[in-house]
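Fold and contact review
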Amino acid sequence: MTATPGIDDFTRPFWDAAAAGALLVRRCGDCGRAHHYPREFCPHCWSENVGWERASGRATLYTWSVVHRNDLPPFGDRVPYTAALVELDEGPRMMTEVVACPAADLAVGMQLVAAFRTGDDGVTVPVFRPA
């Protein structure tokens with residue numbers, strides 16, 4: 001089993017941007033709302049007039065959980081780690097990991113910025129650290 005995300009032609013811009021140190025979201029050209037995870041339609045108004053947009057990389061911690069046990073590779077080698085839901089400044093919420101911050105220092109509403117981690121599989125994923 002692998003933790004590598006499913007990268008296809010549609011999501012490749014997201015992963016290529018992450019490898020270059022940038023975070024992308026999709027934005028609807030009709031209702032104007034951003035969304036994440038990437039979809040070919042707007043989950044708010046169902047328009048197919050959506051495109052990629054570079055996000056600021058700023059977010060607010062919405063909630064988190066410290067994971068002390070995970071038997072799936074490569075997560076077992078990382079425990080404990082902080083799985084989190086962050087609210088991007090652009091609006092959508094995103095599942096991620098908070099790094100470079102002890103769990104005791106986490107607080108709902110704390111400001112975070114995107115960072116990027118490249119795994120042994122060569123895939124770069126966005127994570128967040130304190131601003």
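Everything below is about the structure shown above.
A short tour of the structure in this document, coming up. (Residues numbered from 1 in each chain as written. Predicted model: local features only at pLDDT ≥ 70, side-chain atom pairs only at ≥ 80, totals over all residues. Heavy atoms only, no water.)

1. Considerations on the nonpolar core
- Residues Leu-61, Val-86, Leu-88 and Phe-128 are the most contacted members of the largest nonpolar core, which totals 23 residues.
- With residues up to four places along the chain from it excluded, the contact list for Leu-88 reads Leu-23, Val-25, Arg-58, Ala-59, Met-94 and Phe-128. (Core = buried A, V, L, I, M, F, W, Y, C linked by side-chain atoms within 4.5 Å. Buried < 20%, exposed > 50% of the residue type's maximum accessible area, 1.4 Å probe, protein only. Contact = heavy atoms within 4.5 Å.)

2. Some remarks on the sheet that holds strand β2 (residues 34-35)
- With respect to topology, three strands assemble into an open sheet ordered β2-β1-β3, the strand pairing being antiparallel. Since the sheet does not close on itself, it has two edges, and those belong to β2 and β3 (50-54), each with one partner.
- Examined bridge by bridge, strand β1 (residues 24-28) and β3 share five bridges and lie antiparallel to one another. Its bridge partner lying in β3, Arg-27 is registered against Gly-51. (Pairing = 2+ DSSP bridges. Helix = DSSP H or I, 4+ residues; strand = E, 2+ residues; numbered from the N terminus.)

3. Some thoughts on the pattern of salt bridges
- A complete count under the given rule lists five salt bridges for this structure.
- A salt bridge links Glu-97 to Arg-117, with the shortest nitrogen-to-oxygen separation between them at 2.7 Å. With Glu-97 in strand β6 (residues 93-98) and Arg-117 in strand β7 (residues 111-118), the pair connects residues that are 20 residues apart, well separated along the chain. (Salt bridge = Lys/Arg side-chain N within 4 Å of Asp/Glu carboxyl O.)

4. Side note on unusual backbone geometry
- With omega at 20°, the peptide bond leading from His-36 into Tyr-37 counts as cis.
- With respect to the helices and strands, Tyr-37 occurs in the loop between β2 and β3.
- Here the bond from Val-79 into Pro-80 is cis, since omega is -10°, no more than 30 degrees from zero.
- Its location among the elements puts Pro-80 in the loop between β4 (58-67) and β5 (81-88).
- The residue Trp-46 is not glycine, and still its phi comes out positive at about 70°.
- Structurally, the position occupied by Trp-46 is in the loop between β2 and β3.
- Even without being glycine, Ala-100 reaches a positive phi, approximately 60°.
- Examined against the element boundaries, Ala-100 turns out to sit in the loop between β6 and β7.

5. Focus on the side chain of Thr-96
- Turning to its location among the elements, Thr-96 is positioned in strand β6.
- Judged by its relative accessible area of 12%, Thr-96 falls in the buried class.
- Here Thr-96 is in contact with Thr-82, Ala-83, Ala-84, Val-86, Pro-126, Val-127 and Phe-128, once residues within four sequence places are set aside.

6. Observations concerning the side chain of Glu-90
- Here Glu-90 shows up in the loop between β5 and β6.
- For Glu-90, which is buried and forms no salt bridge, the nearest opposite charge comes from Arg-58, at a distance of 5.8 Å.
- Only 2.6 Å separates the side chain of Glu-90 from the backbone nitrogen of Ser-56, close enough to count as a polar contact.
- With near-sequence residues (within four places) excluded, Glu-90 lies in contact with Arg-27, Ala-34, Glu-53, Ala-55, Ser-56 and Arg-58. (Lys, Arg positive; Asp, Glu negative; His and termini not counted. Polar contact = N/O pair within 3.5 Å; in protein donor to acceptor, adjacent residues only side chain to side chain.)

That's the geometry; what it means functionally is another story.
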